[in-house]
Amino acid sequence: MKTQIVDINSAAELDAFSESHENGHFLQTSLWGKVKNDWKWFGVICRNDAGEITGTLAVLLRKISKLPYHMMYAPRGPVCNFADRETFNALINAAKEEGKKYNAYELKIDKDVPYENEEYRAIASDAGFRFKGRTINFEDYQCRCVIRINLDGRTEDEVFAAFHSDHRRKIRNAIKNNVEIKIHGSEMAETFYEIMKETCERDGFELRPAKYFARILDCFGDKARLYMAYYDGKPIAGAISVLWGDKLWYFYGASSNVNRNVMPNYLLQWEMIKWSIEANCRIYDFRGVAGVIDEENPLFGLYRFKHRFDGTYVEFMGEMDLIIKPAAAKIVSASQEIIKKLR
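Residues numbered from 1 in each chain as written. Predicted model: local features only at pLDDT ≥ 70, side-chain atom pairs only at ≥ 80, totals over all residues. Heavy atoms only, no water.

A. Examining the state of the cysteines more closely. Counted by the stated rule, this structure contains 0 disulfides. Free cysteine Cys145: the closest other cysteine sulfur is in Cys143, separated by 9.0 Å. For Cys281, which is in no disulfide, the shortest distance to another cysteine sulfur is to Cys143 and amounts to 18 Å. (Disulfide = S-S within 2.5 Å.)

B. Fine view of the sheet that holds strand S4 (residues 70-74). Spatially, S1-S2-S3-S4-S5-S14-S6 is the arrangement adopted by the 7 strands of the open sheet, whose pairing is mixed. Of all strands in the sheet, those bounded by a partner on one side alone are strand S1 (2-6) and strand S6 (130-131). Bridge count between S4 and strand S5 (residues 104-109): 5 bridges; the pairing is parallel. Considered in S5, the bridge of His70 is made with Ala104. Set on the sheet, helix H1 (residues 12-20) makes contact with S1, strand S2 (40-47) and strand S3 (53-63); between it and S3 the angle comes to about 115°. Running at roughly 145° to S2, helix H3 (residues 85-99) makes contact with S1, S2, S3, S4, S5 and strand S14 (320-323) of the sheet. (Pairing = 2+ DSSP bridges. Helix = DSSP H or I, 4+ residues; strand = E, 2+ residues; numbered from the N terminus. Contact = heavy atoms within 4.5 Å. Axes fitted to C-alpha atoms, helices over the stretch in contact; angles between N-to-C directions.)

C. Examining the packing of helix H7 (residues 189-203) against helix H8 (residues 210-220) more closely. In the contact formed by H7 and H8, the axes pass within 8 Å of each other and the chain directions differ by 130°. Accordingly, the angle class assigned to the pair H7 and H8 is oblique. In this structure, H7 meets H8 at a crossing whose hand is right-handed. Between H7, through Ala189, Glu190, Phe192, Tyr193 and Met196, and H8, the contact on the second element is made entirely by Ala210, Phe213 and Ala214. Among the residues making up the contact of H7 with H8, the classes are represented as 7 nonpolar, no polar and 1 charged. (Parallel < 35°, antiparallel > 145°, perpendicular 65-115°, else oblique. Left-handed = near helix turned anticlockwise from the far one by under 90°. Nonpolar A, V, L, I, M, F, W, Y, C, P; charged D, E, K, R; others polar.)

D. Examining unusual backbone geometry more closely. In this model, Gly77 is joined to Pro78 through a cis peptide bond whose omega is 0°. Here Pro78 lies in the loop between S4 and H3. One non-glycine residue with positive phi stands out, namely Asn103, at about 55°. Structurally, Asn103 can be placed in the loop between H3 and S5. For Asn103, a relative accessible area of 25% puts it in the partly exposed group. (Buried < 20%, exposed > 50% of the residue type's maximum accessible area, 1.4 Å probe, protein only.)

Right, dumping it as structure tokens:
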């Protein structure tokens, strides 16, 4: 196995492999590195003796406050066959070596591999990764538990018929109420941001700046769409989705506090699901839901909304950390605890 380090402007092969591989992810691309422009980025490509790419790893680096250390983070990486121990190790070792340039103290990964995959767990454990363990809701960098629709070549009619009857009714009501769905690019990012501001204030989520949403749409080009729902000519809801390979992700969603009775969110989801069917996707990914499915959980409504689109609940293995510099890791941890107390 041979590995190669690529920078953010020479990563076409890495991006192409991530897009074509069944375990690829849009976060494992140089495009995502350009979205996260406040992080450093590098990529690793692994090839076999025939020169064929067997795996890739896209790594983000962030400096820890005023300390002389960087954390390395490979969201949803690496991209390779889950059982390919040799490629996994080659990618991780290359990242560790490159990390020396940045005085990296750890490498964090959170591949979207099913929780019950014991073979992958053993490969990661043998490589030195320690598992964070199960989390309840959204404590991790990426969602540990998601809802996914398995499309498998099904038609629009077949997919729609599998929705919960209440969801089908609400989609039809949105259409009867003349809710109009339009597809936009970054020119409407500010409008989406204003609606997102209402959503975050209502539901207690972190608010990203408008420029962040614009970068997603600009960097991914025709692979990303901003769907906006209009009622009486006014935007009342929106959603950003990203298409990569054989999967489409519902990435961000927002809805106004007014006119929620015309059910724009249900129609938005249906339009994005139709895009995934048109693109011959294998999976439509709703992303995060609660790690504990209980009606007493404040996030149960989010689970019910996504699950009733005939979604399957999937639990991933979650975050795992490879500590490269134990002493530095202890210093960083202590520093972060002090910062928390001061806040």
